[in-house]
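Analysis of the macromolecular model
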Amino acid sequence: MTRPFLGFGLGLRTDHYQHIIEHQPPIDWFEILSENYMVPGGKPLANLDRIRQDYPMVMHGVSMSIGSTDPLNTRYLDKLKALIERVEPAWVSDHLCWTTVDHINSHDLLPLPYNEAVIKHIVDRIQAVQDYIGREILIENLSSYVTYHSSEMSEWQFVNEIARRSGCFLLVDINNIFVSANNHHFDPRDYINGIDPDRVMQFHLAGHSYHGEMIIDTHDHPVCESVWDLYQYALERYGAVSTMIERDDNIPPFAELHEELTRAETIARRTLTAEQLAINSGRMMQGVA
Amino acid sequence: MELRSLQQQFLYHLLGESTGLEKVIESTPMMSARDRLNIYANGYRMRLKEALQTDFDKLHSYLGDAQFDALMNRYIDTHPSHTTSLRYFSIALAEMLAQESPYSEHIELAELAKIEQAFANSFDAGNAACLSLEHFASIPEQAWPSLQLTMQPSLQIIACYSNAFAIWKALSAGEPPPEAQHRDEVEYWVVWRRPDLISHYRPLAFAEYTALKSMSEGDSFAELCEQLLDLFSETDTPIKAIGFLQSWVQEDMLAGLDYDGINAT
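Residues numbered from 1 in each chain as written. Chains lettered and ligands numbered in written order. Predicted model: local features only at pLDDT ≥ 70, side-chain atom pairs only at ≥ 80, totals over all residues. Heavy atoms only, no water.

**Regarding the overall build of chain A**
Helix and strand content of chain A: nine helices and twelve strands. Here chain A has a C-alpha radius of gyration of 18 Å; the compact-globule value for 289 residues is 19 Å, and the two agree. Considered along the principal axes of its C-alpha atoms, chain A spans approximately 50 × 40 × 40 Å. With 289 residues in all, chain A has 61% of them scored as buried. Only carbon and sulfur atoms are counted for the fraction: they give 47% of the accessible area of chain A, which is about 10800 Å². Side chains of chain A give 22 positive and 41 negative charges; the mean places of these two sets differ by 6 Å. (Helix = DSSP H or I, 4+ residues; strand = E, 2+ residues; numbered from the N terminus. Rg over C-alpha atoms; globule rule 2.2 N^0.38 Å. Buried < 20%, exposed > 50% of the residue type's maximum accessible area, 1.4 Å probe, protein only. Areas by Shrake-Rupley, 256 points an atom, 1.4 Å probe, with all protein chains shown as cover. Lys, Arg positive; Asp, Glu negative; His and termini not counted. Charge placed at Lys NZ, Arg CZ, Asp CG, Glu CD.)

**Quick look at the interface of chain B and chain A**
Residue-level contacts link 40 residues of chain B with 48 residues of chain A. When chain B packs against chain A, close to 3900 Å² is buried across both sides, 63% of that on carbon and sulfur atoms. If you sort the residues of chain B by the area they bury against chain A, Met30, Tyr40 and Thr84 of chain B come out on top, with a joint share of 19%. Our enumeration of links across chain B and chain A arrives at three salt bridges. Asp108 of chain A is the salt-bridge partner of Arg47 of chain B, the closest N and O atoms lying 3.5 Å from each other. Joining chain B to chain A, the criterion identifies 24 residue pairs in polar contact (both at pLDDT 80 or more). (Contact = heavy atoms within 4.5 Å. Buried area = accessible area lost by both parts, 1.4 Å probe. Salt bridge = Lys/Arg side-chain N within 4 Å of Asp/Glu carboxyl O. Polar contact = N/O pair within 3.5 Å; in protein donor to acceptor, adjacent residues only side chain to side chain.)

**Digging into empty space enclosed by the protein**
Think of a ball as big as a water molecule: rolled over the atoms, this probe shows where empty space is left. Residues and elements named next belong to chain A. Inspection of the entire model under this criterion finds two cavities of 30 Å³ or more. In this structure, the largest cavity spans a volume of roughly 70 Å³. What lines the largest cavity is simply Leu96, Pro111, Leu112, Tyr114, Asn141, Leu142, Ser144, Glu155, Phe158 and Val159. Of the residues belonging to the lining of the largest cavity, the class tally is seven nonpolar, two polar and one charged. The calculated volume of the second largest cavity comes to roughly 40 Å³. In terms of lining, the second largest cavity is formed by Ile139, Asn141, Val159, Leu170, Leu171, Val172, Tyr191 and Ile195. Ranked by residue count, the leading element in the lining of the second largest cavity is strand β8 (residues 169-173), at three residues. When grouped by side-chain class, the residues that make up the lining of the second largest cavity number seven nonpolar, one polar and no charged. (1 Å grid on protein atoms, 1.4 Å probe; cavity = no way out; pocket = protein on both sides within 12 Å on 5 of 7 lines; lining within 4 Å. Points joined across faces, edges and corners; volume = space filled by probe spheres on them. Nonpolar A, V, L, I, M, F, W, Y, C, P; charged D, E, K, R; others polar.)

**Regarding the packing of helix α3 (residues 74-87) of chain A against helix α4 (residues 116-133) of chain A**
Two packed helices can be described by the angle between their axes and the distance between those axes. Residues and elements named next belong to chain A. In contact at an axis separation of 10 Å, α3 and α4 are set at 45° when each is read in the N-to-C sense. Taken as axis vectors, α3 and α4 run oblique relative to one another. Once α3 is placed against α4, the crossing between them reads as right-handed. From α3, Thr74, Leu77, Asp78, Lys81 and Ile84 reach across to α4, where they touch Val129, Tyr132 and Ile133. Of the residues assigned to the contact of α3 with α4, the class counts are five nonpolar, one polar and two charged. (Axes fitted to C-alpha atoms, helices over the stretch in contact; angles between N-to-C directions. Parallel < 35°, antiparallel > 145°, perpendicular 65-115°, else oblique. Left-handed = near helix turned anticlockwise from the far one by under 90°.)

**What to know about the sheet that holds strand β7 (residues 138-140) of chain A**
What the eight strands build is a closed barrel, ordered β1-β2-β3-β4-β7-β8-β9-β12 (chain A); its pairing is parallel. Recorded for the sheet is a direction-independent mean angle of 25° between the axes of neighbouring strands. (Pairing = 2+ DSSP bridges.)

**Brief notes about the domain arrangement of chain B**
Residues and elements named next belong to chain B. Structurally, chain B comprises domain 1 (1-105) and domain 2 (107-265). Computed over C-alpha atoms, the centres of domain 1 and domain 2 are 37 Å apart. At the junction of the two partners, domain 1 supplies 18 residues and domain 2 supplies 19 residues. Carbon and sulfur atoms make up 63% of the area that domain 1 and domain 2 hide from each other, which totals about 1500 Å². Considering only the side of domain 1, the residues that lose the most area to domain 2 are Lys58, Tyr62 and Arg87, jointly responsible for 45% of the buried surface there. Run the count over domain 1 and domain 2 and you get one salt bridge. Arg87 is the salt-bridge partner of Asp124, the closest N and O atoms lying 2.8 Å from each other. Run the count over domain 1 and domain 2 and you get nine residue pairs in polar contact (both at pLDDT 80 or more). For the side of domain 1 that touches domain 2, the secondary structure elements donating two or more residues are α3 (57-63) and α5 (93-99). For the side of domain 1 that touches domain 2, the leading source of residues is α3, giving six residues. Of the residues belonging to the side of domain 1 that touches domain 2, the class tally is ten nonpolar, three polar and five charged. (Domains from an automatic or database assignment.)

**What to know about the layout of surface pockets**
Taken as a whole, the second largest pocket spans an internal volume of roughly 400 Å³. In this structure, the second largest pocket is lined by 24 residues; those nearest its centre are Asn73 and Tyr76 of chain A together with His82, Thr83 and Thr84 of chain B. Those elements giving two or more residues to the lining of the second largest pocket turn out to be α3 and β6 (104-110) of chain A. No other element matches α3 of chain A, which puts three residues into the lining of the second largest pocket. Taken together, the residues that form the lining of the second largest pocket break down as seven nonpolar, twelve polar and five charged.

**Quick look at the pattern of salt bridges**
Counted by the stated rule, this structure contains 22 salt bridges over all chains. As a salt-bridge pair, Arg4 of chain B and Asp102 of chain A come within 2.9 Å of each other at their nearest N and O atoms. On the criterion of chain membership, the pair formed by Arg4 of chain B in helix α1 (residues 3-14) and Asp102 of chain A in the loop between β5 (98-101) and β6 is interchain, its members lying in two chains. Where Glu22 of chain B meets Arg34 of chain B, a salt bridge forms, and the shortest distance between an N and an O atom there is 2.8 Å.

**Details of the nonpolar core**
The biggest cluster of nonpolar side chains holds 138 residues, and the ones touching the most others in it are Phe30, Ile174, Phe203 and Tyr231 of chain A together with Phe10 and Leu59 of chain B. Excluding anything up to four places from it in sequence, Phe203 of chain A contacts Leu171, Val172, Ile174, Tyr231, Ala234, Leu235, Tyr238, Val241, Ser242, Thr243 and Met244 of chain A. In terms of nonpolar packing, the next biggest core, distinct from the first, is built from 31 residues, Ile139, Met151, Val190 and Leu228 of chain B among them. (Core = buried A, V, L, I, M, F, W, Y, C linked by side-chain atoms within 4.5 Å.)

**Some details on the packing of aromatic side chains**
Residue and element names in this part refer to chain A. For the structure on display, the rule yields 27 aromatic pairs over all chains. Relative to Tyr231, the ring of Trp228 lies with its centre 6.3 Å away and its plane at 70°, an arrangement referred to as edge-to-face. In this pair, Trp228 and Tyr231 both sit in helix α8 (residues 225-238), three residues apart, roughly one turn of the helix. A single burial state applies to Trp228 and to Tyr231, both of which are buried. (Phe/Tyr/Trp six-rings, centres within 6.5 Å; stacked < 30°, edge-to-face > 60°.)

**Let's talk about helix α2 (residues 33-55) of chain B**
For α2 of chain B, with 23 residues, the first-to-last C-alpha span of 34 Å sits near the 33 Å given by 1.5 Å per residue. Looking at the buried positions of α2 of chain B, the neighbouring elements they touch are β6, α6 (174-184), β10 (209-211) and β11 (214-216) of chain A together with α1 and α4 (65-78) of chain B. (Expected span 1.5 Å × (residues − 1).)

Here's what the structure looks like:
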């Protein structure tokens, strides 16, 4: 498989709409938060449509609740489908987690036990979602703060097996690997090594905060040096992967994030060849599988 | 433990119930299971509070940090989220303020919340083209009684029994709010979004409120005139009604019309 490579992107945030529309900064692509645009109309969709004219986009959601034991929320999936038709994204992602049970939404990305029964449950649901929306999805690894006694394998074995069996792809959050490695005492390079490169489609880079010895995935700081090192290690293992900086809080001026993104590109250019880093967005997800 | 039971215990732990979930979580020298779970419980409450603070910043300013925090805690404790988007988490706050003591004794609180909610709803309400006066010019005279109008999806009418709008305006301007005043007589306001995507608002006199409410509920022009006859003479009623229509067109409040099976949008 030739992996699509969109280049280097940023998360689209409302603070930056005006700057992007006025200056059309040289960013390869934007990732949108799907739920922010599941509204009837008005400014959010007007800005989205305007910016989409100038940039490729991918969609990233937080409410699919793929690991939940509630039935799949088809009302949500219908909204997702409508947004996919509007945005025509290169791909669509959500998280390997659960958010809802008994139809109550935690509005958090909650962790799952890593065992065979849960793998089967999630593989079935990913396949149902992929059938429903008519395309493969990407799932993203979490930062987590708990380990269940019922886990029987490492997180990367769990993630890999789900991707292999369901046919979905992976959004690898390098920061989340770093955070979870600290919180659960494993070597983040083991995680990177344990993932099948053929399933990796996108990287997230982000910052975090310390809470005593624990690291909390707050997405409100610049990417730290250790995560930059891990990013380089991941590039060496996987090759060119579409990379973006994900900042959700304490949002700095656009230029500051752009500078951070330039650092990602510099590391990639130092690590990979120009040929590997040639933009290849022609083949969208529907054509990949 | 079955995945479903685990998820239920986890969720009810977030909601503040004692579930014994610690027993299925590993404790480490770095941090106990309980403290690890509390990271999630704290995050849950913090996230919902952020959503409420975003949606009701004027109410927050009006109540001050401590009282608003108490309000948020009460709302979070009694209204678990059933929406996929935090945008709609706060949907029942105004109702809670209107119905539950001590908030219900200060009607301006519920009304202030309604005003903030109306602007949020107007901001991302559905899009629709605006009617122009030309659309009305082509209506045959005999079709006017059956004429029905569709309002812009963003249009909302707010009834206030307090000076909540004056409080909202002062807080929006960063000025100290006037003292709350409760009235026996209701004051109506309309909030809607124009094609420049900016939300507008203005007061409605009772006659215009009657007309706008009637038409927004699907009444015909004849039914509207019937209602206005309680307020104006037979001669003045059609003139007043046409005058309202003209101002609604000029202010981009109308999205569609329908008469004798013909519709225009």
